Amino acid sequence: MKIAYMVVVFVSTAVGSAVADDSLLTKKFSVCMDKSDGVTSSMLDCIGKETTTQDARLNGAYKKLATQLTPNRKKQLITAQRLWIQYRDANCKFYADPDGGTMATVNASDCVLQATAARAKELENFLE
């Protein structure tokens, strides 16, 4: 395990906005982070790409779940999802401390990634 990946694992643990669970993330992300060599812009690129992947996963689970619900439960899901997005965005924005240097940006981006992956898994669990 290279230092860059260890930094992100540490950041993920420190962020605490979602349960940092590397099993939720793709192998491609791990490889990308290893290749980033701790360069902030490279790490942010890796996190951004994985967030796009996890967001697609989340949207797929959400859409599939919505088709399985009664109209009343679907309204509940819509409300819960909108509130979850507001929470995620506000919570992760807090990590972007303007006095926190470049790691604050990595922390905030990783917060969004971890929260999105955890929410995708949460919605997938309703499908099982």
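These lines cover the structure that appears in this document, whether it is placed above or below. Note that the structure is predicted; figures quoted are calculated from it, not measured. Residue numbers run consecutively from 1 along every chain, following the written order of its sequence. In keeping with the model being predicted, local features are shown solely for residues with a pLDDT of at least 70 and side-chain atom pairs are shown and tallied solely at 80 or more, while totals for entire chains, interfaces and linings include all residues. Side-chain metrics in this entry use all non-hydrogen atoms of the structure; hydrogen atoms and water are not considered.

Right, let's talk about unusual backbone geometry for a bit. A positive phi angle, near 50 degrees, is found at Asp 37, a position not held by glycine. Helix and strand assignments follow DSSP, with helices taken as H or I runs no shorter than four residues and strands as E runs no shorter than two, numbered in order from the N terminus. Secondary-structure assignment places Asp 37 in the loop between helix H2 (27-36) and helix H3 (40-68). Between buried and exposed lies partly exposed: a residue is buried under 20% and exposed over 50% of the maximum accessible area for its type, with that area taken using a 1.4 Å probe on protein chains only. Exposure remark for Asp 37: the relative accessible area of 57% places this residue in the exposed category.

By definition, a disulfide links the sulfur atoms of two cysteines through a covalent bond. Defined by distance alone, a disulfide is two cysteine sulfur atoms within 2.5 Å. Counted by the stated rule, this structure contains two disulfides. Note that Cys 92 is cross-linked by a disulfide to Cys 111, the S-S spacing being 2.0 Å. With the S-S bond torsion at -75 degrees, the cross-link from Cys 92 to Cys 111 turns out left-handed. Here Cys 92 is found in helix H4 (residues 71-95), whereas its partner Cys 111 is found in helix H5 (residues 101-127), with 19 residues between them in sequence. Classification of Cys 111 by relative accessible area gives buried; the value is 0%. With cysteine numbering restricted to those in disulfides and following the sequence, the protein chain has the pairing 1-2, 3-4.

Any helix carries an expected span of 1.5 Å times its number of residues minus one. The end-to-end C-alpha separation of H4 is 37 Å, in line with the 36 Å expected for 25 residues at 1.5 Å each. Within the span of H4, buried status applies to Leu 77, Gln 81, Trp 84, Arg 88, Asn 91 and Cys 92. Close packing links the buried residues of H4 with H3 and H5. Contact definition: two residues touch when any of their heavy atoms are within 4.5 Å.

A word on the packing of H3 against H4. Here H3 crosses H4 at 160 degrees, and the two axes come no closer than 10 Å. Taken as axis vectors, H3 and H4 run roughly antiparallel relative to one another. In this structure, H3 contributes Leu 58, Tyr 62, Leu 65 and Ala 66 to the contact, and H4 contributes Lys 74, Leu 77, Ile 78, Gln 81 and Trp 84. Simply put, an axis is a line fit to the C-alpha atoms, just over the touching stretch for a helix, and the angle between two N-to-C directions goes from 0 to 180 degrees. Relative orientations are named as follows: roughly parallel for angles under 35 degrees, roughly antiparallel for angles over 145 degrees, roughly perpendicular for angles from 65 to 115 degrees, and oblique for any other angle.

This next bit is on the pattern of salt bridges. Throughout this description, the term salt bridge denotes a Lys or Arg side-chain nitrogen within 4 Å of a carboxyl oxygen of Asp or Glu. For the coordinates displayed, the defined rule picks out four salt bridges. Across the pair Arg 119 and Glu 122 runs a salt bridge whose closest N-O atoms are separated by 2.9 Å. Linking Arg 119 with Glu 122, this pair stays in helix H5, spanning three residues, or about one helical turn. Glu 122 sits in the partly exposed class, given a relative accessible area of 38%.

Right, let's get into the nonpolar core. Core analysis: the largest hydrophobic core is formed by ten residues, namely Leu 24, Leu 25, Phe 29, Met 33, Met 43, Cys 46, Ile 47, Val 106, Leu 113 and Ala 117. Mapped onto this core, the elements with two or more residues apiece are H2, H3 and H5. Residue contacts for Ile 47: discarding those within four places in its chain leaves Phe 29, Met 33, Val 106, Ser 109, Asp 110 and Leu 113. Each nonpolar core is a collection of buried residues, namely Ala, Val, Leu, Ile, Met, Phe, Trp, Tyr and Cys, held together in the definition by side-chain atoms within 4.5 Å. One finds Leu 58, Leu 65, Leu 77 and Trp 84 within the second-largest nonpolar core, a separate group that totals nine residues.

Paired rings are identified among Phe, Tyr and Trp, the last through its six-membered ring, by centres lying within 6.5 Å, and are further divided according to the angle between planes into stacked (under 30 degrees), edge-to-face (over 60) and tilted (the rest). Evaluation of the coordinates by the stated rule reveals one aromatic pair. Ring geometry for Phe 94 against Tyr 95: centres 6.5 Å apart, planes inclined by 75 degrees, an arrangement best described as edge-to-face. The class of Phe 94 is exposed, set by a relative accessible area of 69%.

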